[in-house]
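Residue-level structural notes
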Amino acid sequence: MWHRCLLVGTILWLVGTLPAGAFIAYVSNEKSNTVSVIDTDKWAVIKTIKVGQRPRGIEFTRDGKFVLVAVGDDDTIQMIDTGSQEVTDSLPSGPDPELFIQDSAGKILYVANENDNTVTIIDLQKRTRMGDVQVGVEPEGMAISPDGRFLINTSETTNMAHFIDTETRQIVANVLVDSRPRFAEFKRDGSELWVSSEIGGTVSVIDPAKHAVTTKITFDIPGMRKEAIQPVGISITADGKTAFIALGPANRVAVVDVASHHVIKYLLVGQRVWHTAFTPDEKWLLVTNGISNDVSVIDVAALKVIKTIQVGELPWGITIAKQ
Amino acid sequence: MIRLFVGLVVGLCALGTSAAAADPVEIGIGYLRRAGAKPTLSLVEQPAADDGLAGARLAIEDNNTTGKFLNQHFTLEELRLKAGEDAATAARTLADRNIGFIIADLPADALLKTADAVSDRGIVLFNAGAIDDRLREEDCRTNVIHVAPTRSMLADALAQYLVWKQWKRWFMVVGSHDEDKSYAQALRRAASRFGAKIVQERVFEDTGGARRTDSGVTLIQRQMPVLTQQAPAYDILVAADESEVFAAYLPYRTWDPRPVAGSAGLVPKSWDAAQDQWGAVQMQNRFLKLNSRHMTALDMQAWTAARMIGEAASRVNSADRRTLLEFLKGPDFSVAAFKGQRLTLRPWNLQLRQPILLVDGRMVVSVSPQEGFLHQVSELDTLGVDQPETRCKLH
């Protein structure tokens, strides 16, 4: 008798302590000037927030209280309160902000100002501009080394990844990559920096200590002309084993075995896939399909696309945090 | 011990001085432009005084932003020909100033004379302005790289779209000048190549006269319908009028309610101020900020030429002419120019492969090559004269 009670009790306890499962994804819609909010339990948009003009880069603050979204044509970064899901404040980002990144403490924000060849540095707590760094032509990609010592910025027309010392704010190295670098991502252990070259069609793997490209990941899709394969967003699992690369107008996400730097699979998603984000448990990868105006959901373990969610026009960036 | 100490100090001093920034490597680019500019029928299309040159100036700035990180510095030497002045002499003047690369906006004959005048001095011309096919065919030169598209590329780009649209019956009106006839020839070739049919051709004779008179449109709106009446059934009127004599008068004035293409209406161009795809807004903004006006196709052709040199310089990390040229002509060279794919040089005649925009003066209507036109090597080679057909023999 008491075995059954124990069993039921254990089951109830397990159910009670199982995580709620739902995460919230915020997607910036570049053309409709909105942010779509997706609930990962329902796999549906639960709210559409009106923001400023041309929203692109989008990211949760480290404390999860705000979602920052760069509204480039308004020359500012807006702060969406995650409680009320409304825009409550804005940051002095410098002109035409596109992508940005926070330091690990969530105190400093580094912003790429695409029109100005600058990276602007902002104090997130005081909400003031602290300084800037002159970089190459059309800065976009932003990454911070896991040890926090280096900020990486890629410039699209200069075709470089600039290594900036976060303390001195000086550029200490420049690494030439293939044409039109868009995105930079570190492996979680800091041993590799990956930079996607949209027009060059490759992803450069850079040794961050030597400041040199050690290998280039190339893509080959049967029947598809090479020019249409344009890598942009990159997401690498925390265990450093698998990477997902959005291939733009190839309409596919490449699954890459990190150890060998080879593509193991191509997943067909929507049109012009650009940016990617894992759910915090890395069970799902969500990707934005700019031309088909939707978000694809990829089951990471099964390597299958399981769902497509309609969002606003020209979905661009995506950020996910716990509900 | 003292020796060690002294050695250390000397060593550190040497380190100190070598750490001081070396003078940047200088790369000079020339810009040689023709004396006049052809006036257009439309007031809003009149070329600016710095048409083309403005694009090169922006590219020099962009090259220098990149050059900061590579210790390279680019300068532009501008030379505008006066009426009657000889381009070849001007080019030799630039050569004397140790300029290794000259962006040229010259008519075909002047371009050839100039290329031949400086070929022995290792100078390469970048043709940013002349669209004549013969410059890439029987008159090709090893020291001329073509950035401007050819007439045949422009005609093919238009034809592909019209065929895609199923507007296959063309009524062609041709001007009476040589370049108009060349354009008509390219359009006939394109029609045959892609499956359109020219149902009738008419000639518009240039009888001179002032372009703008006080009576304005009153006479024109009566003349154009008469010019275009009683044509066999057609889908679109294609006008070959590079001389800017009549085509701009045709839209909305044809006898039959039909769209116009070619030299007016839907026009094929390498670039347009309305182009906003593939990150082009960034390009347009930078140009507007520097030059206080909108960007033209010639501006973009000049920008691309200067950027090709900058791109090569950053890849080979050198200013040596031979090294740069070898890289430019090699298999690894490509340049990104805001048209959604990398641009490469056709190895057989040094013509830059490129998508062509179809524009209506306000918007980009389409971009060729159109989906469905396939090619073994590059779909961009469905535009213009392809390798198996070429009459160019570069030795």
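Since we're looking at a predicted model, the values are computed, not measured.

What counts, and where the lines are drawn
- Residues numbered from 1 in each chain as written.
- Chains lettered and ligands numbered in written order.
- Predicted model: local features only at pLDDT ≥ 70, side-chain atom pairs only at ≥ 80, totals over all residues.
- Helix = DSSP H or I, 4+ residues; strand = E, 2+ residues; numbered from the N terminus.
- Buried ≥ 20, exposed ≤ 12 C-beta atoms within 10 Å, placed from the backbone.
- Contact = placed C-beta atoms within 7 Å.
- Rg over C-alpha atoms; globule rule 2.2 N^0.38 Å.
- Domains from an automatic or database assignment.
- Nonpolar A, V, L, I, M, F, W, Y, C, P; charged D, E, K, R; others polar.
- Pairing = 2+ DSSP bridges.
- Axes fitted to C-alpha atoms, helices over the stretch in contact; angles between N-to-C directions.
- Core = buried A, V, L, I, M, F, W, Y, C linked by C-beta atoms within 7 Å.
- pLDDT = per-residue confidence, 0-100.
- Arc of directions from axis to C-beta.
- Parallel < 35°, antiparallel > 145°, perpendicular 65-115°, else oblique.
- Left-handed = near helix turned anticlockwise from the far one by under 90°.
- Expected span 1.5 Å × (residues − 1).

Secondary structure summary: chain B contains ten helices and twelve strands in total. Summarising its shape, the C-alpha atoms of chain B cover approximately 105 × 50 × 40 Å along the three principal directions. Counting over 395 residues, chain B shows a buried share of 47%. A sequence separation of at least 24 residues applies to 68% of the contacts in chain B between residues at least 6 apart.

Moving on, we get to the overall build of chain A. Looking only at helices and strands, chain A has one helix and 28 strands in total. Whereas a compact globule of 323 residues would reach a radius of gyration of roughly 20 Å, chain A reaches 20 Å, a difference of no more than 12%. For chain A, buried positions account for 51% of its 323 residues. Nonlocal contacts in chain A, meaning residues at least 24 apart in sequence, comprise 42% of its contacts between residues at least 6 apart.

Quick look at the domain arrangement of chain B now. Residues and elements named next belong to chain B. Per the domain assignment, the segments of chain B are domain 1 (25–149 + 272–354) and domain 2 (151–205 + 223–269 + 357–395). Taking only C-alpha atoms, the centre of domain 1 and the centre of domain 2 are 26 Å apart. Across the side of domain 1 that touches domain 2, the residue classes break down as eight nonpolar, six polar and eight charged.

All names here are of chain A. Here we have four strands laid out as an open sheet, ordered 24-25-26-27, and antiparallel in their pairing. Each edge of the open sheet carries a strand with a single partner, namely strand 24 (273–278) and strand 27 (304–310). Here the average twist between neighbouring strands, direction ignored, is 25°. Bridge analysis of strand 24 against strand 25 (residues 284–289) gives four bridges, and the strand direction is antiparallel. When the bridges of strand 25 are listed, F278 appears paired with L285.

Below, the discussion takes up the nonpolar core. In terms of nonpolar packing, the biggest core is built from 116 residues, with I102, I103, F126, L158, L187 and A306 of chain B touching the most fellow members. Here this core gets eleven residues from one element, more than from any other, and that element is helix 9 (residues 297–316) of chain B. Three or more residues apiece are contributed to this core by two domains, here domain 1 (25–149 + 272–354) and domain 2 (151–205 + 223–269 + 357–395) of chain B. Formed by 88 residues, the second largest nonpolar core is a distinct cluster that contains A25, V51, F66 and V295 of chain A.

Turning next to the confidence of the model for chain B. All names here are of chain B. Averaged over all residues, the pLDDT of chain B is 93; the fraction at 70 or higher stands at 93%. Scored below 50 in pLDDT, residues 9–20 makes zero contacts in the model with residues more than four places away or belonging to other chains. Interface confidence for the predicted complex, given as ipTM, is 0.85, next to a pTM of 0.90.

Time to look at helix 3 (residues 87–96) of chain B. Structural remark: α-helix, 3.6 residues per turn; residues separated by three or four positions point the same way. Residues and elements named next belong to chain B. Here helix 3 has its buried residues at A87, A90, A91 and L94. One side of helix 3 holds all its buried residues, which, seen down the axis, span an arc of 100°. Opposite its buried face, helix 3 presents the exposed residues T89 and D96, each directed more than 90 degrees away. Along its buried surface, helix 3 packs onto strand 1 (25–33), strand 2 (72–80), strand 3 (101–105) and helix 4 (108–118). Trailing helix 3 by a residue or two, N98 shows a phi angle of about 65°, which is positive.

This brings us to the packing of helix 3 of chain B against helix 4 of chain B. Residue and element names in this part refer to chain B. Where helix 3 meets helix 4, the axes come as close as 8 Å, and the angle between the chain directions of the two elements is 40°. Relative to helix 4, helix 3 is oriented oblique. Considering how the two elements wind past one another, helix 3 and helix 4 form a crossing that is right-handed. Only A110, K113, T114, A117 and V118 of helix 4 make contact with helix 3, whose side of the interface consists of A87, A88, A91, R92 and A95.

A word on the interface of chain B and chain A. Facing the 13 residues of chain B at the interface are 19 residues of chain A. Looking at the side of chain B that touches chain A, the elements that each hand over two or more residues are helix 2 (53–70) and helix 8 (280–291) of chain B. Classifying every residue of the side of chain B that touches chain A by side-chain character gives two nonpolar, eight polar and three charged.

Residue and element names in this part refer to chain B. Their axes nearest at 10 Å, the elements helix 2 and helix 8 cross at an angle of 105°. For the element pair helix 2 / helix 8, the angle class is roughly perpendicular. Contact residues: A54, R57, L58 and E61 in helix 2; R286, F287, L290 and N291 in helix 8. Its residues placed into classes, the contact of helix 2 with helix 8 shows four nonpolar, one polar and three charged.

Here we take up the environment of D109 of chain B. Residue and element names in this part refer to chain B. Assignment of secondary structure puts D109 in helix 4. Residue class for D109 comes out partly exposed when judged on the 13 C-beta atoms lying within 10 Å of it. Sequence spacing of D109 and S192 is 83 residues, and the spatial spacing of their C-alpha atoms is 29 Å.

What follows concerns helix 6 (residues 178–194) of chain B. Residue and element names in this part refer to chain B. End to end, helix 6 covers 24 Å across 17 residues, agreeing with the expected 24 Å (1.5 Å per residue, within 8%). Looking at helix 6, one finds that the buried residues are D180, Y183, A184, A186, L187, R188, A190, A191 and F194. Considering only its buried residues, helix 6 is in contact with helix 5 (151–164), strand 6 (169–175), strand 7 (197–204), strand 8 (236–240) and strand 9 (260–262). Of the residues flanking the end of helix 6, it is G195, one or two places downstream, whose phi is positive at about 95°.

With that settled, consider the pairing of strand 21 (residues 242–246) of chain A. Residues and elements named next belong to chain A. By the criterion of burial, strand 21 is predominantly enclosed, with four of the five residues buried. For strand 20 (residues 234–236) and strand 21, the ladder comprises three bridges, and the chain directions are antiparallel. Of the residues in strand 21, the one forming a bridge with I236 is A243. Two successive antiparallel strands, strand 20 and strand 21, enclose a turn made up of five residues, where G240 displays a positive phi of approximately 70°. Relative to strand 22 (residues 252–257), strand 21 runs antiparallel, the two sharing five bridges. If you follow T242 over to strand 22, its bridge partner there is D257. Connecting the antiparallel pair strand 21 and strand 22 is a turn made up of five residues, with G248 showing a positive phi of about 60°.

Turning to the sheet that holds strand 28 (residues 315–322) of chain A, a few remarks are in order. Residue and element names in this part refer to chain A. Pairing in this open sheet of four strands is antiparallel, and the strands run 3-2-1-28 from one edge to the other. The sheet is open, and its two borders are formed by strand 3 (44–50) and strand 28, each paired with just one other strand. The mean angle between the axes of side-by-side strands here comes to 20°, regardless of whether they run parallel or antiparallel. As paired strands, strand 2 (residues 34–39) and strand 3 are joined by six bridges and run antiparallel to one another. Of the residues in strand 3, the one forming a bridge with I38 is V45.

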